[in-house]
Amino acid sequence: MTSLAGKLSEIVGKAFEEQGLPAELGAVRVSDRPDLCQFQCNGAMAAAKVAKKNPREIAQGLVDLLSRNDVFAKVEIAGPGFINLDVADEYLQDHLGGVSADDRAGVPVHDLDETVILDYGGPNIAKPMHVGHLRSSIIGDSLRRILKFTGYKTIGDVHMGDWGTPMGMILSELDIRGHDGPVTMEQLAEIYPQAAADCKADPERMEQARAATKKLQDGDEEYTKRWRQFIDISVEGMKKNFDALGVHFDEWKGEADAHQFIAPMIEALKAEGITAIDDGALIIDVTQPDDKKEMPPLILLKSDGAVMYSTTDMGTIVDRVKSHDPDKIIYIVDQRQSLHFEQLFRAARKGGLVCEDVELTFAGFGTMNGKDGKPFKTRAGGVMRLEDLISDAVQKARERLKEVGLQDEFDIAQKVALAAIKFADLQNQRQSDYVFDLFKMTSFEGKTGPYLLYQAVRIQSLLKKASDQGFEAGKDFVLQDADKPLALLLAELPDHFENTVKNYTPHVLCDYAYKLAQAFSSFYGNCHILSEEDEHVRASRLALCAQTRKQLIMVLDVLGIEVPERM
Ligand code: ARG
């Protein structure tokens, strides 16, 4: 299936063709003046340029053709040559009948058997997760769900930071302390900051850490054993955190997993003749003739032979291509790393690590700020630990639930809290910064997760009440004027999915969910539902309610937001 606008585009496109004009100019979209018409087509102006004719004349020819089609209740020219359209009631009713009979609510399946790897989360071993990792996890998991729903084979990889200098800092600190045997998470939480501070203060200590890192990367048995142990306990902790957040990964790989691919990859890159030595380091020049800004080379090996963040990312591409033969690799990482990814993609293409038709996308995101406009910190000024953030939000959600007279049970509060955090994050344009405001995001009013949950639950109780009275939703729609705004909106869903998948923009679906909830509110306020006398209209209205609820839940689900049964 497609959206209603999609179907109309086809019809209007044919009319363009019949007039000897390019069909794609017949694209129809939802009107931005719903008070004037339901849909519009602005293609006559562009067509006039192609045909070297007057736009209104072109539009008139199209209107004459389209008026004969009983799909439309109204076809009019406006302004310089816009075509305003209303669909006939039967057509809208039929379309909606199809949508409600489809368990995907009209969203088509992308069935090309394509694999997408999504790289998100990216926590670093031993370091606390910060808000950047939170954003990456929320956006990445939602894009994974969206792409999966659309029909892609998806692989979410957490890509942990488990191979850099911090590992050497910990290992050398254990040496200094003469610590044998396993470490606990608590010990690690104390050891790492100490080691990092010492290394920062003392170049010699830093040298030790670097040497230890190199020794680990060269496969020292004792170091590897210790490293493995603290990785394992860290991953255990991370899994708990991500579970609490409702974020899923298919693979728990890290930078270290790229290790085995690095030496052969470097040999191959050298053999291709695209590497150079610069100041002792092994680099790949990634400049391109039309570069407007400075483009530093990608560093493969430091002068001491140690690998870098860029090296493991290159090796990871080799691994991913070998193990999954992906069609796309999407990186959901802090915007501030955009240069790194530009270098990486260029180097990967130059070195032929991926085929040309494999898409590499950097889906960067902005910073989550505190009310002071600086990256969000705890009141004590430290990085916010994920578990604290969640428990603060649950606490606040309970207060909010009580405030509005709803059940403040823990389970419900937890769902409300996660909906608040996730929706507040996802509803922003990915690239923009936003202010983390627990009070605002947990409100049951306005563009928030809790508001949407509440609407979905409210519709559920309305349907329950109806069924208690012996009223059921019908299969056929009998639309009155007051029902149409909601009905038309329900027919838009496929377009919002398409847009989101094309640009990796969950906020488009957030906007849609919010609009849907608002349209439902107006519908609810303007229309009799249970008290409607005409049984066909009543059954149709109940069907609108059921379909609204279904689509709200569908959209929230791909955003990673779970709706409670009751509130
Ligand atoms: N661990 C990195 C960080 O904390 C994020 C990893 C992003 N993914 C990647 N393939 N580089 O900044």
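Everything discussed here concerns the structure shown above.
A few points on the structure. Note that the structure is predicted; figures quoted are calculated from it, not measured.

1. Remarks on the environment of L360
Inference 1: For L360, the position within the fold is in strand β11 (residues 359–362).
Inference 2: Residues L360 and K328 lie 32 residues apart in sequence; the distance between their C-alpha atoms is 5.9 Å.
Inference 3: Not counting residues up to four positions away in its chain, the partners in contact with L360 are I329, F345, A348, R349 and V354.

2. Observations regarding the sheet that holds strand β5 (residues 115–119)
Inference 1: Read across the sheet, four strands follow the order β6-β5-β10-β11 without closing on themselves; strand pairing throughout is parallel. At either end of the open sheet lies a strand with only one pairing partner, and these are β6 (153–157) and β11. On average, each strand axis in the sheet is inclined to that of its neighbour by 15 degrees, with strand direction left out of account.
Inference 2: Sheet analysis places strand β10 (residues 328–331) next to β11, joined by four bridges and oriented parallel. Considered in β11, the bridge of K328 is made with E359.
Inference 3: Against the sheet, helix α5 (residues 131–150) contacts β5 and β6, and its axis sits at roughly 170 degrees relative to β5.
Inference 4: Strands β10 and β11 of the sheet are contacted by helix α12 (residues 338–350), whose axis makes an angle of about 170 degrees with β11.

3. Some points on a negative patch on the surface
Inference 1: Taken together, the side chains of D70, E90, D94 and D476 make up a negatively charged region of the molecular surface.
Inference 2: Here D476 is to be found in the loop between α16 (449–468) and α17 (484–490).
Inference 3: By relative accessible area, D476 is classed as exposed at 61%.

4. Remarks on the packing of aromatic side chains
Each pair of aromatic rings is reported with the distance of its centres and the angle of its planes.
Inference 1: Tallying each qualifying case throughout the model produces 15 aromatic pairs.
Inference 2: Here the basic side chain of R400 rests over the ring of F439, its NZ or CZ set 4.0 Å away from the ring centre.
Inference 3: The ring centre of F471 lies 3.8 Å from the NZ or CZ of R538, which sits over that ring.

5. A look at the side chain of H159
Inference 1: Mapped onto the fold, H159 is located in the loop between β6 and α6 (165–177).
Inference 2: Leave out the neighbours within four places in its chain, and H159 touches D119, G122, K253, G254, E255, D313, T316 and R320.

6. Focus on the pairing of β6
Inference 1: Burial runs high along β6: four of the five residues are buried.
Inference 2: Here five bridges tie β5 to β6, and the two strands are oriented parallel to one another. In the sheet register, I117 faces β6, and the bridge partner there is I155.
Inference 3: As a crossover connection, the stretch from β5 through α5 into β6 is right-handed.

7. Some thoughts on the site of the ligand
Inference 1: Neighbouring residues of the ligand: D119, G122, N124, H133, H159, Y309, D313, Y331, V333, Q337 and F341.
Inference 2: Between the ligand and H133 there is a distance of 2.9 Å, counted from an oxygen atom to a side-chain nitrogen or oxygen.
Inference 3: Residue D313 places a side-chain N or O atom 2.8 Å away from a nitrogen atom belonging to the ligand.
Inference 4: When the ligand is considered free in solution it has 350 Å² of accessible area, and contact with the protein chains removes 89% of it.
Inference 5: The residue inventory of the shell around the ligand, partitioned by class, reads four nonpolar, five polar and two charged.

8. With respect to helix α2 (residues 43–51)
Inference 1: Inspection of α2 places G43, A44, A47 and A48 among the buried residues, and these make up the whole buried set. Along α2, the residues classed as buried sweep out an arc of 140 degrees about the axis, all on the same side.
Inference 2: Contacts from the buried residues of α2 go to α1 (4–18), β2 (39–41) and α3 (55–67).
Inference 3: Positive backbone phi, approximately 50 degrees, marks K52, located one or two places after α2.

9. Quick word on α3
Note: α-helices contain 3.6 residues per turn, so residues at a spacing of three or four share the same orientation.
Inference 1: Taking 1.5 Å of rise per residue, the 13 residues of α3 would be expected to cover 18 Å, and the 18 Å separating its terminal C-alpha atoms lies within 8% of that figure.
Inference 2: Along α3, the positions that sit buried rather than exposed are I58, A59, G61, L62, V63, L65 and L66.
Inference 3: The elements touched by buried residues of α3 are α1, α2, β3 (72–78) and β4 (82–87).

10. Here's the deal with the sheet that holds strand β8 (residues 281–284)
Inference 1: The strand order β7-β8-β9 describes an open sheet built from three strands, whose pairing is antiparallel. Sheet topology places β7 (275–278) and β9 (298–301) at the edges, where each strand pairs with a single neighbour. With direction set aside, neighbouring strand axes in the sheet form an average angle of 40 degrees.
Inference 2: Here three bridges tie β8 to β9, and the two strands are oriented antiparallel to one another. By the bridge assignment for β9, I284 is matched with L298.

11. Here we look at the packing of helix α8 (residues 203–217) against helix α9 (residues 221–245)
Inference 1: Between α8 and α9, the least distance of the axes is 8 Å, while the angle of their chain directions is 95 degrees. By the criterion of interaxial angle, the relationship of α8 to α9 is roughly perpendicular. On α9, the residues touching A212, K215 and L216 of α8 are Y223, T224 and W227.
Inference 2: Residues that form the contact of α8 with α9 fall into these classes: four nonpolar, one polar and one charged.

12. Side note on the side chain of T150
Inference 1: Position of T150 among the secondary structure elements: in helix α5.
Inference 2: When its relative accessible area of 10% is taken as the criterion, T150 is described as buried.
Inference 3: Within polar-contact distance, the side chain of T150 engages the backbone oxygen of I146 at 2.6 Å.
Inference 4: Beyond its immediate stretch of four places on either side in the chain, T150 contacts R104, P108, V109, H110, F497 and V501.

13. Points about the pattern of salt bridges
Inference 1: Scanning the model with the defined rule gives 37 salt bridges in all.
Inference 2: Residue R29 pairs with D32 through a salt bridge whose shortest N-O separation is 3.3 Å.
Inference 3: With a relative accessible area of 41%, R29 lands in the partly exposed category.
Inference 4: A residue is classified by how much of its surface remains accessible, and D32, at 52% relative accessible area, is exposed.
Inference 5: In this structure, E387 and R385 form a salt bridge, with 2.9 Å as the shortest nitrogen-oxygen distance.
Inference 6: Under the relative-accessibility criterion, E387 is labelled partly exposed at 35%.
Inference 7: Among the charged side chains, a network of salt bridges with common partners joins D141, R144, R145 and D557.

Conventions we followed
Residues numbered from 1 in each chain as written. Predicted model: local features only at pLDDT ≥ 70, side-chain atom pairs only at ≥ 80, totals over all residues. Heavy atoms only, no water. Helix = DSSP H or I, 4+ residues; strand = E, 2+ residues; numbered from the N terminus. Contact = heavy atoms within 4.5 Å. Pairing = 2+ DSSP bridges. Axes fitted to C-alpha atoms, helices over the stretch in contact; angles between N-to-C directions. Patch = residues over 30% accessible without salt bridge, like charges linked within 9 Å, V, L, I, M, F, W, Y side chains within 5 Å. Areas by Shrake-Rupley, 256 points an atom, 1.4 Å probe, with all protein chains shown as cover. Salt bridge = Lys/Arg side-chain N within 4 Å of Asp/Glu carboxyl O. Lys, Arg positive; Asp, Glu negative; His and termini not counted. Charge placed at Lys NZ, Arg CZ, Asp CG, Glu CD. Buried < 20%, exposed > 50% of the residue type's maximum accessible area, 1.4 Å probe, protein only. Phe/Tyr/Trp six-rings, centres within 6.5 Å; stacked < 30°, edge-to-face > 60°. Lys NZ or Arg CZ within 6 Å of the ring centre and 35° of its normal. Right-handed = clockwise from strand over helix to strand, strands pointing away. Near = heavy atom within 4 Å. Polar contact = N/O pair within 3.5 Å; in protein donor to acceptor, adjacent residues only side chain to side chain. Nonpolar A, V, L, I, M, F, W, Y, C, P; charged D, E, K, R; others polar. Arc of directions from axis to C-beta. Expected span 1.5 Å × (residues − 1). Parallel < 35°, antiparallel > 145°, perpendicular 65-115°, else oblique.

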